[in-house]
Amino acid sequence: MDRPNYITPAGYAALRQEYEALFAVERPKLVDTIAWAAGNGDRSENGDYIYGRKRLREIDRRLGWLSKRMKAAKVIDPARQEDRSKVWFGATVTIADEDDNERVLTLVGDDEADAGQGRVGWNAPLVRALRGAAIGDLRRVVLPAGEREYEVIAITYPTE
């Protein structure tokens, strides 16, 4: 990876929880089902066996991906951000566009981004444009819908 995989403690815990659930619960159950299905004879028309093997490959692929993401993760607690006057990782930012439409965004790791909840990934174009901005700064960003200019209205960070 050419960029660090920044992530909040809650985001890392969610990745870890998914990994542990797949590895300790779902995968062993599936292995038991596959072993049972294999013991039933003809595997070529055995739906439990065929689906089980396919699902096992999906789980193993997901476990590998989660393992790589956790290994590359750099956990940063936004509550410990020293410079709270500027937009950095973990900030909750209120921005306004040229039409005075306000949006509230929380800058999180790419693995925990959820635009519908206002959680935008650290490497998203809008967030890259906002990095290091202070209240009152104007930032221009090129989005798929065209170029827009945003003003930073407020910056907050979680408390410890």
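Sequence positions are assigned chain by chain, starting from 1 and proceeding in written order. Per-residue local features of the predicted model are confined to residues with pLDDT of at least 70, and side-chain atom pairs are confined, for both listing and counting, to 80 or more; whole-chain, interface and lining totals are unaffected and use all residues. No hydrogens and no water enter the side-chain calculation; it runs on all heavy atoms of the structure.

Let us now look at the sheet that holds strand S5 (residues 119–121). Strand pairing follows a simple DSSP-based rule, namely that at least 2 bridges must link the two strands. By definition, any uninterrupted DSSP run of H or I lasting at least four residues is a helix, any uninterrupted run of E lasting at least two residues is a strand, and each is numbered from the N terminus. Strand order in the open sheet formed by five strands is S5-S4-S3-S7-S6, with mixed pairing between adjacent strands. Lying at the two open borders of the sheet, with one neighbouring strand each, are S5 and strand S6 (138–143). Going from strand to strand, the sheet's axes swing by 45 degrees on average, the running direction of each strand aside. Where strand S3 (residues 92–96) meets strand S4 (residues 102–108), five bridges bridge the pair, whose relative direction is antiparallel. Residue pairing in the sheet places isoleucine 95 in a bridge with arginine 103 of S4. Only the stretch in contact is used when a helix axis is fitted, and all axes are lines through C-alpha atoms; the angle between N-to-C directions ranges over 0 to 180 degrees.

This brings us to helix H1 (residues 9–38). Working rule for helices: expected span equals 1.5 Å times residues minus one. In this model, H1 (30 residues) spans 42 Å end to end at C-alpha, consistent with the 44 Å of a helix rising 1.5 Å per residue. To get the bend at any residue, fit one axis to the seven residues that end at it and another to the seven that begin at it, then take the angle between the two axes. Helix geometry: H1 is bent most strongly at leucine 22, by close to 35 degrees. Looking at H1, one finds that the buried residues are Gly11, Leu15, Tyr19, Leu22, Leu30, Ile34, Ala37 and Ala38. Think of it in three bands: residues with accessible area under 20% of the maximum for their type are buried, residues over 50% are exposed, and the middle band is partly exposed, with areas taken using a 1.4 Å probe on protein chains only.

Source of the domain bounds: an automatic or database domain assignment. Domain boundaries in the protein define domain 1 (5–75) and domain 2 (86–156). Summarising the inter-unit geometry, the C-alpha centres of domain 1 and domain 2 are found 35 Å apart. Across the boundary between the two partners, domain 1 contributes eight residues, which contact six residues of domain 2. Both faces considered, domain 1 and domain 2 share a buried interface measuring about 580 Å² in area, 58% of it formed by carbon and sulfur atoms. Its largest share of buried area at the contact with domain 2, domain 1 owes to Tyr6, Ile7 and Thr8, together 67% of the area lost on that side. Throughout this description, the term salt bridge denotes a Lys or Arg side-chain nitrogen within 4 Å of a carboxyl oxygen of Asp or Glu. One salt bridge in this structure joins arginine 69 and aspartate 111, with 3.0 Å as the shortest N-O distance. A contact between two residues is defined here by any heavy atoms of the two lying within 4.5 Å. Summed over both partners, the accessible surface that disappears when two parts come together, traced with a 1.4 Å probe, is what is meant by buried area.

This brings us to the side chain of asparagine 5. Mapped onto the secondary structure, asparagine 5 falls in strand S1 (residues 5–7). For asparagine 5, a relative accessible area of 3% gives the class buried. A polar contact of 3.2 Å, which involves the side chain of asparagine 5, links it to the side chain of aspartate 111. Not counting residues within four places of it along the chain, the set of residues in contact with asparagine 5 comprises Arg69, Ala72, Ala73, Lys74 and Asp111. Any pair of nitrogen or oxygen atoms within 3.5 Å is treated as a polar contact; in protein, a donor-acceptor pairing is required on top of that, and neighbouring residues in sequence qualify only through side-chain atoms on both sides.

For the rest of this paragraph, the subject is the pairing of S4. Adjacent in sequence and paired antiparallel, S3 and S4 are bridged by five residues, among which aspartate 100 carries a positive phi angle near 60 degrees. Bridge analysis of S4 against S5 gives three bridges, and the strand direction is parallel. Along S5, the bridge assignment pairs threonine 106 with arginine 119.

Residues enter patches when they are more than 30% accessible in relative terms and free of salt bridges; like-charged ones are connected within 9 Å and nonpolar ones (Val, Leu, Ile, Met, Phe, Trp, Tyr) within 5 Å. Here the accessible surface of atoms and residues is derived via Shrake-Rupley with a 1.4 Å probe, and residues count as covered only by protein chains that are part of the display. Positive charge is attributed to Lys and Arg, negative charge to Asp and Glu, and no charge count is given to His or to the chain ends. Positions of charges follow a simple convention, taking NZ of Lys, CZ of Arg, CG of Asp or CD of Glu. Together, Arg43, Arg53, Arg57 and Arg61 give the surface a local cluster of positive charge. In this structure, arginine 61 sits in helix H2 (residues 47–72). The class for arginine 61 is exposed, based on a relative accessible area of 57%.

Turning our attention to the pairing of S3. Burial within S3 is extensive, with four of its five residues counted as buried. Note that S3 and strand S7 (residues 146–156) share five bridges and pair antiparallel. In the strand pairing of S7, valine 93 is matched with isoleucine 155.

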